[in-house]
Structures are given as structure tokens and as C-alpha cells.
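Descriptive structure summary
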Amino acid sequence: MPRRPDPTLKPAIVAKVARHLQDTKLEDASVRSLGRVLGTSAYPIVYHFGSREALIDAVVDHLSAAHDRSLDPTTDPCGLTEHLLAVFGGLDTPERRLAARLTFELGCVEGLDGRDRQLRLHRRRVDELAAWCRAHGRCEADADRTARAAVAAARGAQWSALVDPDRSDVDGALRAIAQDLASAVRFAAA
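Residues numbered from 1 in each chain as written. Predicted model: local features only at pLDDT ≥ 70, side-chain atom pairs only at ≥ 80, totals over all residues. Heavy atoms only, no water.

Let us look at the overall build of the protein chain. Along the backbone of the protein chain there are nine helices and zero strands. Of the regular secondary structure in the protein chain, the N- to C-terminal order runs α-α-α-α-α-α-α-α-α. Reported as C-alpha extents along the three principal axes, the dimensions of the protein chain are approximately 70 × 40 × 30 Å. Taking all 190 residues of the protein chain together, the buried fraction comes to 41%. For the protein chain, the exposed surface amounts to about 10,700 Å²; the carbon and sulfur share of it is 54%. Put simply, the protein chain has 27 plus and 27 minus side-chain charges, and the middle of one group is 5 Å from the middle of the other. (Helix = DSSP H or I, 4+ residues; strand = E, 2+ residues; numbered from the N terminus. Buried < 20%, exposed > 50% of the residue type's maximum accessible area, 1.4 Å probe, protein only. Areas by Shrake-Rupley, 256 points an atom, 1.4 Å probe, with all protein chains shown as cover. Lys, Arg positive; Asp, Glu negative; His and termini not counted. Charge placed at Lys NZ, Arg CZ, Asp CG, Glu CD.)

Our next topic: the pattern of salt bridges. Opposite charge on two side chains lets them pair, provided their charged atoms get close. Taken as a whole and assessed by the stated rule, the structure comprises 15 salt bridges. Arg52 serves as the salt-bridge partner of Glu53, at 3.3 Å between the closest nitrogen and oxygen. Sharing partners across several salt bridges, the network here consists of Asp57, Asp61, Arg115 and Arg117. (Salt bridge = Lys/Arg side-chain N within 4 Å of Asp/Glu carboxyl O.)

Leu80, Leu84, Leu129, Trp132 and Leu181 are the most contacted members of the largest nonpolar core, which totals 28 residues. Only helix H5 (77-88), helix H6 (94-109), helix H7 (117-135), helix H8 (140-163) and helix H9 (170-189) provide two or more residues apiece to this core. At eight residues, the largest contribution of residues to this core is made by H8. In this view, Leu129 contacts Leu71, Leu80, Leu84, Ala147, Ala150, Val151 and Leu181; residues no more than four positions away in its chain are not counted. Core analysis: the second largest hydrophobic core is formed by 23 residues, Leu26, Ala29, Ala42 and Ile56 among them. (Core = buried A, V, L, I, M, F, W, Y, C linked by side-chain atoms within 4.5 Å. Contact = heavy atoms within 4.5 Å.)

Turning to the side chain of Thr103, a few remarks are in order. Mapped onto the elements, Thr103 comes out in helix H6. A polar side-chain atom of Thr103 sits 2.7 Å from the main-chain carbonyl oxygen of Ala99. The residues touching Thr103, leaving out its near neighbours within four places in the chain, are Val60, Gln118 and Arg155. (Polar contact = N/O pair within 3.5 Å; in protein donor to acceptor, adjacent residues only side chain to side chain.)

See below:
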């Protein structure tokens, strides 16, 4: 009879790989090299995750779990600000910074191998903000256009913090995006 897998092994692998990726380029992380980081062969990675990509997705999920939330379309502008800060901000911590970096790296290449995980997450963020805009008086087309621009601005603030951390204020930029959204919907509703 086969041995049952240790339920603590999978989260331990994810945590150790996340620490390793803090200062390792994603392109340098193969299944074999990650196995060496774990002090084992590639077998546990393949057994628990199936592929390097699935392991990296698990790392991003692990790093983002506490910050992945849905936006209530009826929330007030303060709730919108809190949402944007929770989802896109906090890049001053190494874990959040790594999650943002991996999101960009994975999103840039996933279409080449037929994956669409980051695209779906991106569209989810746009749809949430569009629903918020509609709930606050914007027409359908304007709500979608405004939401796409807001998500692009939030991602731009993240990118700026990744490439020029000493001259970037992601949370300040996110507060400004929320303020612009709130003032635009107030203007549209008037």
C-alpha cells in the first residue's frame, strides 16, 4: 500500500520556494534548481504540484492570500481606497513585493504557453471596479473604460515601485486613484 503524503510538506515547499525567489529571477528557477533549494530531488515538486508553473502559481497564491478580496460595489470611497491598498499596495514588505513581481513576470509570458490565469485575475479586478462605478452612477461604457484605466494605473504604480523603489509611493498613488474614481462618480451622478 502506498504511503500517504505528508500534509505539511506542500505548504513547506511553497514557503521555502517563496523565500528563495526573493532574490532569484524566475527564469533561473527550474524544477531541478528548486529541488536543490529544498535539499531534495525534483520529485516532491512534480508530485505535489505537477509542474514548475503550478508551483509558482501556488507561491503567488500563498503570498497574496491575505490580500485577495472582492470589492463590494456598494462600498463608499473609503472602502474603495482600502480595497485598492489591500489588493495592489503594501509593496514595502518583501512578500507583497515578490507577489507583485511574480504577477508581472507570469503575466508577461503566460500567453505564450496558452495559460490565462493572470489575464483572468486582471479582468476580475477590472470587472470589480466597473461594478463599483456602475453602482455609483456611471454608465456601462464609461464604467468599463474608467475601471480599465484605474487598474492600469494601479499596475503602473506597482511597476514603478518594482523598478524604482526609492522614488515610488504605491500606496499614495493608489489613494489618488481611489480619490479620482470617487470624484469622477460624484461628478457623473450630479
